[in-house]
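# Structure at a glance
Below, each chain spelled out in residue letters.
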Amino acid sequence: MSAIPDGLAFEPGRITLRGVRFLLVRPETLVGFQKAVEHEAGEIAKRSLMAGGIDGGGRSARRLRDGGLKGREVVEAMCRMGTEIGWGRFRIEGFADGGFEMAIESSPYAEAYGPSPHPVCHFLAGVAQGIGEAVYGAAAAEEIACASAGAPACRFEVKKR
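First things first, this report covers the structure right here in the doc. (Residues numbered from 1 in each chain as written. Predicted model: local features only at pLDDT ≥ 70, side-chain atom pairs only at ≥ 80, totals over all residues. Heavy atoms only, no water.)

In this structure the tally under the stated criterion is zero disulfides. No disulfide involves Cys-146; its nearest neighbouring cysteine sulfur is the one of Cys-154, lying 3.9 Å away. (Disulfide = S-S within 2.5 Å.)

Spelled out as structure tokens, the structure:
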């Protein structure tokens, strides 16, 4: 088990990591919401969950970029943070001027979702895209493998646009 991340602070009604507010929510709660929206709205659910990830991941990545990190350093720092806050074990699979691949083992979304014939970690795909946008200016992301669909890890491909 790893140590509590540096900069994690608790006060009544508030949890922050390096000055940014976070919320502890069971993955089953978020996946319950995801499945309900998928049932009601189909493909709109994927785009909506990705939009939330793009916003949140982009905000954190831009904060790192504006703090002086560049390119791969931003991606590495976001991978460390994702791992620290329990979103799975993040790692960079490849990085270039035109994009990067990121893998996440033990995705809480995939675990809570259960078996699926297709990728389900739409929120994390959005986070990957938000990181890519902070690094490249414009990016597109896709989940190319998912633990819910039988892969050993969820894998995200981010391409500069």
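The next point concerns the sheet that holds strand 4 (residues 89-96). Sheet architecture is open: four strands sit in the order 4-5-7-6, paired in antiparallel fashion. Strands at the two margins of the open sheet, each flanked by one partner only, are strand 4 and strand 6 (139-145). On average, adjacent strands in this sheet sit at an angle of 20 degrees to one another, irrespective of strand direction. Across six bridges, strand 6 lies against strand 7 (residues 154-160) in antiparallel orientation. Bridge pairing in strand 7 links Ala-139 to Lys-160. With respect to the sheet, helix 3 (residues 72-84) is in contact with strand 4 and strand 5 (99-105), its orientation differing from that of strand 4 by roughly 165 degrees. (Pairing = 2+ DSSP bridges. Helix = DSSP H or I, 4+ residues; strand = E, 2+ residues; numbered from the N terminus. Axes fitted to C-alpha atoms, helices over the stretch in contact; angles between N-to-C directions. Contact = heavy atoms within 4.5 Å.)

Looking now at the sheet that holds strand 1 (residues 8-11). The three strands are arranged 1-2-3 in an open sheet whose pairing can be described as antiparallel. For this open sheet the edge positions go to strand 1 and strand 3 (20-22), each flanked by a neighbour on one side alone. Going from strand to strand, the sheet's axes swing by 35 degrees on average, the running direction of each strand aside. In the sheet, strand 1 pairs with strand 2 (residues 14-17) via four bridges, with the strands oriented antiparallel. Note that in strand 2 the partner of Phe-10 across the bridge is Ile-15.

This part is about the nonpolar core. A general feature of soluble globular proteins is that nonpolar side chains tend to end up buried together. In this structure, Phe-100, Met-102, Cys-121, Leu-124, Ile-131 and Phe-156 are the most contacted members of the largest nonpolar core, which totals 32 residues. If you list the elements that add at least two residues to this core, you get helix 2 (43-66), helix 3, strand 4, strand 5, helix 4 (108-113), helix 5 (122-136), strand 6 and strand 7. Considering every element that reaches this core, the biggest residue donor is helix 5, with seven residues. Each residue touching Phe-100, except ones within four places of it in the same chain, is listed here: Val-75, Gly-94, Phe-95, Ala-128, Ile-131, Gly-132, Tyr-136, Phe-156, Glu-157 and Val-158. (Core = buried A, V, L, I, M, F, W, Y, C linked by side-chain atoms within 4.5 Å. Buried < 20%, exposed > 50% of the residue type's maximum accessible area, 1.4 Å probe, protein only.)

Should the charged atoms of two oppositely charged side chains come close, the side chains can pair. Taken as a whole, this structure holds twelve salt bridges when the rule is applied. Arg-72 is the salt-bridge partner of Glu-76, the closest N and O atoms lying 2.8 Å from each other. One end of the pair is Glu-76 and the other is Arg-72, both in helix 3 and four residues apart, which spans about a single turn. According to the relative accessible area criterion, Glu-76 is partly exposed, its value standing at 31%. (Salt bridge = Lys/Arg side-chain N within 4 Å of Asp/Glu carboxyl O.)

So, on to the environment of Pro-115. Within the secondary structure layout, Pro-115 lies in the loop between helix 4 and helix 5. C-alpha of Pro-115 to C-alpha of Ala-147: the two residues are 32 residues apart in sequence and 8.1 Å apart in space.

Turning our attention to the packing of aromatic side chains. Evaluated as defined, the whole model comprises five aromatic pairs. Centroid distance Phe-95 to Phe-100: 6.2 Å. Interplanar angle 20 degrees. Geometry classified as stacked. Aromatic pair Phe-95 and Tyr-136: ring centres 6.2 Å apart, planes at 20 degrees, arrangement stacked. Of this pair, Phe-95 sits in strand 4 while Tyr-136 sits in helix 5, placing them 41 residues apart in sequence. A relative accessible area of 27% means that Phe-95 is categorised as partly exposed. In textbook terms, an aromatic cluster arises when at least three aromatic residues are bridged by ring pairs, as seen for Trp-87, Tyr-109 and Phe-123. (Phe/Tyr/Trp six-rings, centres within 6.5 Å; stacked < 30°, edge-to-face > 60°.)

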